[in-house]
Amino acid sequence: MMCETAQKTFAKRVLRSLLLFVLAVGFHISNAQQYTFIPYSIKQGLVQSQVRCLMQDSRGYIWVGTLGGLSRFDGRVFQNYDRNSGLLSNQINCLLELSNKDILVGSNGSISIINGLGVQSLSFEGNWKEATINTLYQLDDVVLIGTENGLLSYSLAQKRLVSNQEVYAPVADKHIKTIARSKSGDLCLLTKESLWRVRDNKCELFYKPVSSETNFFDLVESNDGTLWLATKGEGLMYLRNGVAGNFLSSFPSMPQTITNLFITQNDELWMTSRFGFLSYDGEQFQFITDQNGLPTGDVRDILCDRDGNIWVGTYGSGLQKFTGNTFINYSKSDGLSSDAVMSILEDEEGNMWFSTFDNGICRMTDDSIVKFNLRELNSNSRIWTSQRTADGSLWFGSSEGLFCIKDQKLTHFTEKDSLQDKLVLSLFEDREQRLWIGTAKGVALYDGETIHPFVSDDAPKKRIRSIRQDHNGNIWMACIEGLYKYDGARFTMYSQRDGLSENSIYCVEIDASNRVWAGTQNGLCYLSGRLFQAVPVDPKISGSNVINFLRYTHHTLWVGTNNGLYSTHLDGFVPGQSLSFRNYSVEDGLKSLETNFNSSFIDSKNRMWFGTTEGAVVFNPQELNSTGGTRSQRPLIHFTNLQINLENQHWSNFDQPIDPISGLLIHPEFSYKQNHLTFFFTGISTTYPHDLEYQFILEGFDDDWKPLTTSSSATYSNLPYKSYVFKVKAINKEGLWSDEITYAFSVRPPFWLTWWFVTLEVMLALSIISYIIYNRRKVLKEKREREWFEVKSKMLALEQQSLNSSMNRHFIFNALNSIQYYINRQDRMAANRYLSDFAKLIRKNLDNTQENLTSLRDEIERLELYLKLEHMRFNDKFVYSINVDPQLDLDRIKVPPMLIQPFLENSIWHGLLPKTETGEVRLDITRVNGHLEFSVTDNGIGIENSLKNKTTADNHISKGMEITQNRLELIQKSTGQSIELRGPWQLSDEHGNSIGTKVQILLPLNFHELFSDRVV
């Protein structure tokens, strides 16, 4: 219980709100202003027109329960459910979104769960067989079901009704209306007669009205903790800290039965009744009935969606979207003399005057609308323009001249008063308080006493439609033949040659930066320097470039077109930059999109009035972001269907998991015949549902996002066999993008292109190829082996001959004689040294007969032994040297054995021994261009002299060199590598005298690898 002071404070606030409510209701009803509602009924696809409940789920869909079934609405299209869809009853009483996003539907004697898998229903038995379900509430895994016959509990896990907990025993058999969780955490159960709460696992009576005639319908709680109760008999009640009160019962004209309540995010309270609906923002009420635009007063439920739009469920007129207080319409049915309003002005008392196309003028006050018929003065009732001057005079331009109302006196001006024509199209009072008068045949100026026409040759002559004054005092006039500027001395005309998009100008306006804006039937232009620049308003929509009026206020340019009202902010605008325009249309509350010429007016409350073909409209810019107005929210987007080969599918026939929310397969794999796919999706933006555009891409197929499109489907045909990810997003009218949604899938190749089949094919092909290669290699191997055996045999023969040559009888005989000579001389040391070297040489030669290659180090050692023995035998007849490149790897490099020895022997025997002086033989082993080069050089008598001295006994030497040359040819043939023997050739000095002989042998450095590859 709150203290007495708090009670008095709250009571005062309530009384103040009631007083404001009375004043507000009096204003709204007396003015009979018309609010705009966008209807959605059977014609638009709603399943039935008698709406009983509304709900918006977390995915953005609006669910509409009716007496004829259930509808799901995305802002454009309804998807309907009824008994043919799986419901057990078409009367839908309440709705609830479960924590897993399933939709739980309460009807009469049954409940249904709707998700992507379909509809699952459960019927009640016994006392609840026909019971009306009024409310649903989820507590963890249990749903509490409030019916007219008591409380039920449904287990989501067991999918059946279960016994109530003992805590709910006090309300088990009562008529349950609403179940809700309070901000304190208590569970509130509202029955028809009383309010109960569950606290500390105990259900207790919380409030019961004094009168037994009071019946409860609904319960909500505002942010300040106030409980609001919708009742029958006491209207709207409040309950706070034990203090109960009634907001409406003191006023008999107000509905005493409130059926449903809704609290918006900004804590506004909305109420429904059988006579309309009400809203309360904490300070004032608004009551909307069938007298100010609502199609029917019988409202059963109300909903504020995530965008701030108000949806009204009516009993008989379907679903109505309330466009809010942004635009309020007045028409002939509200008392205007005509719906074709051409001009609007406000007098000094705040009364609004409306000039019409076909029925004179009328004045609207807080109390009534009064019509004025100018036909009594023998004038036409067609009024084109109006203007209030600084002295309070009201001026009206008609087809029959100019009228002035001042001090309740009417004055009529015609051609007799110096007007160029009786058709007056525009009026404007400049800063000098002069009245400019635009007629069908020229312009005139009224100075307070006399009308002065402009008759100069440069003055405009045809249909002056709009007049404005810029900051420099220049007067601008929109005419049928161009735009004119009057600087006080002369007129200057602007036309298409000056950048205007059209010569026929409808309207002109000056902004805060002194820019001149011109509206034509072919777009909007502004003056930049000496030329005009065109500005596209909305190129994609026909009618948006027909500019009927322009009005600048608070840094914003308002543009009236044949496609509704547009606005653009000019604060910071620099010529040359593009402008972004916002469109206001039927979705915002306009009854007609076609505005009238120069019919706009800004009143003393900064509201903009303008005329349309269906009446006058007052625009409240401050209401744009209030409840019922438009809010910028990112759209939501969802997949709705997937067709294969242009046909809908029963996904249960696919042995793949299904998403219970979308109802589509999860990461499906389609066969190669199912590669023609059509994706269907929907964007949800309830404020401007028809202005959504989509962009999509199929990763794995598309290189980039597709251009924006209004189509809500995408088709891909003949998709290759691979994995894909389809992505789509939506953008709304305000330029806000939704999150991307994705759908991953893959197309399987035909079995003959599957990995296992391809593997089998490859294995079979490899087997065949391997068999062919095996046989081919077998034949080639056998052939190569035969050839190799032949080469090997020749090599062995040549090596044997080489051995025999290197070990000829003369060498052996002479070596033994040398040993005997040392023995006879008693030179044991020399004999032993010679015998030891001779034995090593014999062993190395014999060892080399077992191998094709020997290391370069062993070969050098063998050659050095040979040279050493010959040097000892011939008593220092010659000197020798072996020079090896230090970069050579002597152990790794392999060479054929006994290739060089015959050339050294030839140099000694035929080059050096015939000389009388001591000779020299040199062996150089170097690396040359990737080859191993052996170079044998001597300073003997030369080849030519040697040939002259050669005897038959020396044939073994020639034979050795011939055998060596044959070996080189066989080795080259077996390895396929270039092996070169250069020389021997004679060396000569500059006089042509012989100074020796030289021979070279070039072998590959990797001779051992090449040789082994060929012989293996």
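Residues numbered from 1 in each chain as written. Predicted model: local features only at pLDDT ≥ 70, side-chain atom pairs only at ≥ 80, totals over all residues. Heavy atoms only, no water.

With that settled, the discussion passes to the overall build of the chain. Helix and strand counts for the chain come out as 9 helices and 70 strands. Among the 1016 residues that make up the chain, the fraction classed as buried is 52%. The contacts in the chain between residues at least 6 apart in sequence include a share of 54% that link residues at least 24 apart. Working note: accessible area of the chain is about 46700 Å², and carbon and sulfur atoms make up 48% of it. (Helix = DSSP H or I, 4+ residues; strand = E, 2+ residues; numbered from the N terminus. Buried < 20%, exposed > 50% of the residue type's maximum accessible area, 1.4 Å probe, protein only. Contact = heavy atoms within 4.5 Å. Areas by Shrake-Rupley, 256 points an atom, 1.4 Å probe, with all protein chains shown as cover.)

For G499, the position within the fold is in the loop between β45 (491-494) and β46 (505-510). The exposure class of G499 is partly exposed, given its relative accessible area of 28%. Taking C-alpha positions, G499 is 4.5 Å from F532, a pair spaced 33 residues apart along the chain. If we skip the residues at most four places from it in the chain, G499 touches C525 and F532.

Positionally, Q48 belongs in the loop between β1 (37-40) and β2 (51-56). Only 2.7 Å separates the side chain of Q48 from the side chain of Q50, close enough to count as a polar contact. (Polar contact = N/O pair within 3.5 Å; in protein donor to acceptor, adjacent residues only side chain to side chain.)

Attention shifts here to the pattern of salt bridges. Inspection of every chain in the model, using the stated rule, returns 26 salt bridges. Taking the shortest distance from any N to any O, the salt bridge between D298 and R300 comes out at 2.9 Å. According to the relative accessible area criterion, D298 is buried, its value standing at 16%. Here R530 ties to D498 by a salt bridge, and the two come within 3.4 Å at their closest N and O atoms. Taken together, the residues span a long stretch of sequence, with R530 in the loop between β48 (523-528) and β49 (531-535) and D498 in the loop between β45 and β46 at a distance of 32 residues. The class of D498 is buried, set by a relative accessible area of 8%. What you see here is one network of salt bridges that share partners, running through R274, D298 and R300. (Salt bridge = Lys/Arg side-chain N within 4 Å of Asp/Glu carboxyl O.)

What follows deals with a nonpolar patch on the surface. A surface patch of nonpolar side chains, amounting to about 920 Å² of accessible area, comprises Y721, F751, W752, L753, W755, W756, L760 and M763. You can see F751 is positioned in the loop between β63 (741-747) and α2 (755-806). (Patch = residues over 30% accessible without salt bridge, like charges linked within 9 Å, V, L, I, M, F, W, Y side chains within 5 Å.)

Attention now moves to the sheet that holds strand β55 (residues 608-612). Within the open sheet, the 4 strands sit side by side as β29-β56-β55-β54. Their pairing is antiparallel. One side of each edge strand has no neighbouring strand; the edge strands of this open sheet are β29 (327-330) and β54 (601-602). Summarising the sheet, β54 and β55 pair through 2 bridges and their orientation is antiparallel. Across the sheet, the residue bridging to F601 is W609, located in β55. (Pairing = 2+ DSSP bridges.)

Right, let's talk about helix α5 (residues 856-873) for a bit. Between its first and last C-alpha, α5 extends 26 Å over 18 residues, near the 26 Å set by a 1.5 Å rise per residue. Among the 18 residues of α5, 13 are classified as buried, and the element is accordingly described as predominantly covered. Following α5 by one or two positions, N875 adopts a phi angle in the positive range, close to 50 degrees. (Expected span 1.5 Å × (residues − 1).)

On the secondary structure map, T715 appears in strand β61 (residues 713-716). Separated by 35 residues in the primary sequence, T715 and F680 have C-alpha atoms spaced 8.9 Å apart. Dropping the residues within four chain positions of it, T715 is found in contact with H676, L677 and T678. In terms of polar contacts, T715 uses its side chain to reach the side chain of T678, at 3.1 Å.

Now for the sheet that holds strand β33 (residues 369-372). Sheet strands associate in pairs through backbone hydrogen bonding, adopting either a parallel or an antiparallel arrangement. Across the sheet, 4 strands lie side by side as β30-β31-β32-β33; this open sheet has antiparallel pairing. At either end of the open sheet lies a strand with only one pairing partner, and these are β30 (341-346) and β33. Neighbouring strand axes in the sheet, compared pairwise and without regard to direction, differ in orientation by 20 degrees on average. Two strands pair when backbone bridges link them, and strand β32 (residues 361-364) and β33 are joined in this way by 4 bridges, in the antiparallel orientation. Across the sheet, residue I361 finds its bridge partner in β33, namely F372. (Axes fitted to C-alpha atoms, helices over the stretch in contact; angles between N-to-C directions.)

All right, on to the packing of α5 against helix α6 (residues 901-912) then. Running from amino to carboxyl end, α5 crosses α6 at an angle of 20 degrees, the nearest separation of the two axes being 10 Å. What the angle tells us is that α5 and α6 run roughly parallel. Here α5 and α6 pass one another in a crossing that is right-handed. Contacts from R862, L863, Y866, L867, E870 and R873 in α5 reach Q901, L904, E905, I908 and W909 in α6. (Parallel < 35°, antiparallel > 145°, perpendicular 65-115°, else oblique. Left-handed = near helix turned anticlockwise from the far one by under 90°.)

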